[in-house]
Amino acid sequence: QTKIDLFGFFMTLDHCEQPLALLKKILSISKYIIIHAHVDPIITAQHSFVFTSKVKEFLKKRKIYNIDITETVKKDPKRNKGINYKTNEIYLLCSKNKKYIYN
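Residues numbered from 1 in each chain as written. Predicted model: local features only at pLDDT ≥ 70, side-chain atom pairs only at ≥ 80, totals over all residues. Heavy atoms only, no water.

Re the nonpolar core
Then step 1. Formed by 16 residues in total, the largest nonpolar core has its most connected members in Leu13, Leu23, Ile33, Ile35, Leu59, Leu92 and Cys94.
Then step 2. Elements with a minimum of two residues in this core: helix H1 (19-27), strand S2 (30-38), helix H2 (55-61) and strand S4 (89-95).
Then step 3. The contacts of Leu23, once residues within four sequence positions are left out, are Phe9, Leu13, Ile33, Ile35, Leu59 and Ile64. (Core = buried A, V, L, I, M, F, W, Y, C linked by side-chain atoms within 4.5 Å. Buried < 20%, exposed > 50% of the residue type's maximum accessible area, 1.4 Å probe, protein only. Helix = DSSP H or I, 4+ residues; strand = E, 2+ residues; numbered from the N terminus. Contact = heavy atoms within 4.5 Å.)

In C-alpha cells, the structure reads:
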C-alpha cells in the first residue's frame, strides 16, 4: 500500500457527505492531514456541514489528534479573504498518531 507523509483538504472537506470516514481512510495511508476550512456558522448550499471551533475536540474524541496551526499561516491581506482569515478560517494539522501531534 502507498504511504504518504502529508495530505491536504483545502476548503473541500466541508463539501463531503462522509467527512469522518474520508479522514480515517486518508489517515490509514498518510502520517498527517492538513484541514483548511471555513468556521463561519452561516452555511451555504454547496456545504454539507460547517466547521466550528468544537471540531478539535470532536476529532480528538475519535482518536484523530490535531493541533490548530492557524496562527502560523501568513496570508497576503490583499488576496482572497486575506484580511480576516484568522477569524473565519481554520487550519488543523491532524494525525492518528498522538506522538506526531503532541510532542
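Let's talk about unusual backbone geometry
Then step 1. Phi at Met11 takes a positive value of approximately 60°, unusual for a residue other than glycine.
Then step 2. Along the polypeptide, Met11 turns up in the loop between strand S1 (4-10) and H1.
Then step 3. Look at Met11 and you get partly exposed, because its relative accessible area is 21%.
Then step 4. At Lys63, a residue that is not glycine, the phi angle is positive and equals roughly 60°.
Then step 5. Within the element layout of this structure, Lys63 appears in the loop between H2 and strand S3 (65-68).
Then step 6. Judged by its relative accessible area of 57%, Lys63 falls in the exposed class.

Some words on the environment of Phe7
Then step 1. Within the fold, Phe7 resides in strand S1.
Then step 2. On the basis of relative accessible area, Phe7 is assigned to the partly exposed category, the value being 28%.
Then step 3. For the pair formed by Phe7 and Leu27, sequence separation is 20 residues and the distance between their alpha carbons is 8.6 Å.
Then step 4. If we ignore the near neighbours within four places in the chain, the residues touching Phe7 are Ile26, Ser30, Tyr32, Ile33 and Ile34.

Comments concerning the sheet that holds S3
Then step 1. Ordered in space as S1-S2-S4-S3, the four strands form an open sheet in which the pairing is mixed. Looking at the sheet topology across the chains shown, the edges are occupied by S1 and S3. Between one strand axis and the next, the sheet turns by 20° as a mean value, whatever way the strands run.
Then step 2. Where S3 meets S4, four bridges bridge the pair, whose relative direction is antiparallel. From the neighbouring strand, Tyr65 faces S4, where its bridge partner is Ser95.
Then step 3. H1 rests against S1, S2 and S4 of the sheet, and its axis sits at about 150° to S2. (Pairing = 2+ DSSP bridges. Axes fitted to C-alpha atoms, helices over the stretch in contact; angles between N-to-C directions.)

Nothing here speaks to function; it is geometry throughout.
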